Amino acid sequence: MSLNVSLGIAERALQVNQYALNVVSNNIANMNTEGYSKKTVQLEESYPYKVVLNGKQYSMGTGVQIADIVSQRSAYFDDYFRSQSTDASYYSELANGASTITNILNELGDTSLQKTFEDFYNSFETLATNPANSTYRLQVIEKAKTLVNQFNNLYKRLMNERNLMIGDTTDLTGISLQNSATNITVNDINTKLSQITQLNNNMLMADDPTSIIDARNMLLDELAAELPITTQTNLNGTISVYLGNQALIQGNKQVGKLELAQNYTDTTFTKIDEDNPIKIQILDMDGNIVNDNANNLITSSKLGAYLTLGSTQANTLSYNNVLKELNLIANTFATSMNNLQLNSSSAGSPMAISIDASTGKKTLTPSTKALFAANDGTSTITAGNITLNPEINDNYNLIAAARVLTDSDGNPVDPNAIGNSNNALLMADDFDASQYALGGVSINTYYNNMITKAGAQANAIDLQDGIQGDIVKQINTDRVSIMGVNLDEELADMIKYQRAYEAAARIFTAASEMMQLLTRLGQ
Amino acid sequence: MHIRQTQIGQTSQLLEYMTKSQNDLVVLQNKISTKKNFQNIAENPIAVGQILNLNGQLNKLANYNSNIELGQSQMEINDTTLNQITSNLQRISELAVQGATGTNSAESMNSIKQEVDQLIQGLISLANTKYNDQYMFSGTNTDTPAYTYNPTTGAITYNGTKTINDDGTKIANADSQRKIKIGDGMYIDLNVAGDELFGFYDPNDATKSTGLFNSLSKLSKALGDGDYDGVAAEIDNVTAGIDSISSQRAIFGANAQRMTMTQTSIEDTQLLLTSDRSSIQDLDLISAYSDLANYTYAYQASMQISSQLMNLSILNYI
């Protein structure tokens, strides 16, 4: 037994307290770092040794040592936060999409589609008061052009937003798919997967894995917002990541990655399925497809929101659903008007006006030109391609305002009856006429219902978004209260270790002086 | 219940309160500047459905109103024209009475005939009145003059939409009406076909002649022949013609009356629907301004508290 022991104890105390102070200063430095978990030093008495004094055994302490550096995290809250944040980012992204859609539809604004429709049908009522009047006919044409333009615009804007999100389904080169927001997210997911795997590896090799664990948790949090993953902590401390039952990371190896692909309707790869244009595939690290269509595994998170917004699922608000309804309305409208313009009924046949080139006399002539057509040469009229028939645009007299009885050749019994407005009145009433294609309701009612439904769905999404957002905030508050840094605690600890350091230094001085005395004893 | 506070937790909490207050303020400012309760269909879906409905109804009513304006002016023209026609016919009637007196000389009969012929031409011309670029009495043959007069033969031919058979009976479903819509399922006929009021005259075929022009042509011939009895025979027909024109004027008058009443009813409904729409869509400015004061105060309070809390730190005392 010697003073050396005291010196040794004091020296160890100095080191330990210095180290503890480092930990405290690290905590303070990272006070505002996101995802940083506070480290606590746990001290313990170092192993005592035995001394024999006067034939009795005594235990002699050897000072202090560091037992452990503990990182304050709760695995429970970490998991809970991740699972709720997956749902929160799902609703948040859905709410973004819903807001875009409702802003485009903008029926409460001054340029609503409803008003344009009304103006168009009203122009026929005006025409009915003087069917041969060129001003009234020109007005019908102008209102028709305004209406089809508005259809085209709505379609284009909705399509553009959808294509930015999931790529353009008419682009078979795949470039717009690569540039889509969904692909950017998929790439980001793959990057994070490889980063997490890297951290898993680093963790196995590191002596002090606590900061690696913090970084890995941050990445997992971000990944959970983009993909509905489940995690499993392994015995060696690595974390495995699963999508459904498909492993993406197992231990320290990445075994899967995601790929965004176009969903074709058949094996000729010429037509993309409009109802489900994209699919997420799971590949192994060699590039082989393990799961060709994992869409059913991705029902939440940001990626899930993109899949929902870009597909035609029943009873959800999505670009596809709104576009489909708009197309149906445009098609029913065009078909119904063309029917009145061209087809006979028990009340007679529709008649346009022809003007004799030499005398200028106006007479009725059978109507043979449709009012509306598709401007891209296809056979189905949609909101995107509906246009006023150019032949009608060039000659407004081809609009069939009259409906009269005909002889067996289809010619009007009285060709001079240019003041007949029966057809114009029928056209004016068509907005409220029951349509078979719309399930028996009128275009007016169907459109109103569509708008109300979209608004109600958007409203519900906003509500969910608010609720989930609040839940996540609450969990985060709890989580942060466990692992965050409290300045008062740290500074109190700082003073604690500082005093202990001073005290240890004092012992060192005392032991040192006692040693000096000893050396002088021999002189 | 103790929750351990952390710097991060505290600042993010304070930030959130301030953001929420600020957000409430901005939303309210938006409402006040547009004076509408909501701008987006997602904000209140039920109300949006109601507003769309009301907008549609108001649109329709405005349209019916403008149709009524058109209809009223047509009725006025109809009435004016028929009035002038009646004056003509009354003068003809006087002349016919004069001509029926057996004491007229050949010259006076002749001068009566001249005046009657002039008046007949005047009638034909009035029957060919055009309004709004449409021949009023041609039915739906609006580009064709209702009557043509052949000076050689004296034929008065009707070229409009036929509503009267050669024997004077009415044709069913003649489809000669020009209509306007003044309400759901409510239509007003704007015109009456010329042949119904005036008939037509074929000098070669008495079975193809009927009505007022037939009588007037026979009157003119009788005056020219000095046929006192022939003249007397037509006096009643002329009177009957005047009566039927009066009846038609009464019908047009009733139409005008109906349109006026409909217009009043439309205006009342418009008032009701507009105030309905306003109660759903328009912002209650008084409560909005008091909310504005409240929110502003809440925002200021949250900012004040945040700055005070953030300044408190143990570092001030060490």
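Residues numbered from 1 in each chain as written. Chains lettered and ligands numbered in written order. Predicted model: local features only at pLDDT ≥ 70, side-chain atom pairs only at ≥ 80, totals over all residues. Heavy atoms only, no water.

Turning next to the confidence of the model for chain B. Averaged over all residues, the pLDDT of chain B is 90; the fraction at 70 or higher stands at 99%. What the predictor reports for the complex is a pTM of 0.88 with an ipTM of 0.87. (pLDDT = per-residue confidence, 0-100.)

With that settled, the discussion passes to the interface of chain B and chain A. Taken together, the 48 residues of chain B in the interface contact 56 residues of chain A. Buried surface at the junction of chain B and chain A, summed over both partners, amounts to about 4,400 Å²; 50% is from carbon and sulfur atoms. Together, Arg4, Ile41 and Leu52 of chain B form the three largest contributors to the area buried by chain B at its contact with chain A, with a combined 17%. Seen at the junction of chain B and chain A, the total is four salt bridges. Where chain B touches chain A, the interface holds 25 residue pairs in polar contact (both at pLDDT 80 or more). Sorting the residues of the side of chain B that touches chain A by element identifies α1 (7–34), α2 (45–100) and β5 (179–183) of chain B as the ones contributing at least two each. Per-element tally for the side of chain B that touches chain A: the top contributor is α2 of chain B, with 14 residues. Classifying every residue of the side of chain B that touches chain A by side-chain character gives 16 nonpolar, 23 polar and nine charged. (Contact = heavy atoms within 4.5 Å. Buried area = accessible area lost by both parts, 1.4 Å probe. Salt bridge = Lys/Arg side-chain N within 4 Å of Asp/Glu carboxyl O. Polar contact = N/O pair within 3.5 Å; in protein donor to acceptor, adjacent residues only side chain to side chain. Helix = DSSP H or I, 4+ residues; strand = E, 2+ residues; numbered from the N terminus. Nonpolar A, V, L, I, M, F, W, Y, C, P; charged D, E, K, R; others polar.)

Attention now goes to the environment of asparagine 23 of chain B. Relative to the helices and strands, asparagine 23 of chain B is located in helix α1. Sequence spacing of asparagine 23 of chain B and tyrosine 299 of chain B is 276 residues, and the spatial spacing of their C-alpha atoms is 9.6 Å.

Reported here for the largest pocket is a volume of approximately 950 Å³. Forming the boundary of the largest pocket are 34 residues, of which Glu34, Phe81, Val472, Lys473 and Asn476 of chain A lie nearest the centre. For the lining of the largest pocket, the secondary structure elements donating two or more residues are α2 (75–105), α7 (210–226) and α12 (443–483) of chain A together with α1 of chain B. Considering each element in turn, the lining of the largest pocket owes the most residues, eleven residues, to α12 of chain A. Split by residue class, the lining of the largest pocket holds 13 nonpolar, 13 polar and eight charged. The volume enclosed by the second largest pocket comes to roughly 760 Å³. (1 Å grid on protein atoms, 1.4 Å probe; cavity = no way out; pocket = protein on both sides within 12 Å on 5 of 7 lines; lining within 4 Å. Points joined across faces, edges and corners; volume = space filled by probe spheres on them.)

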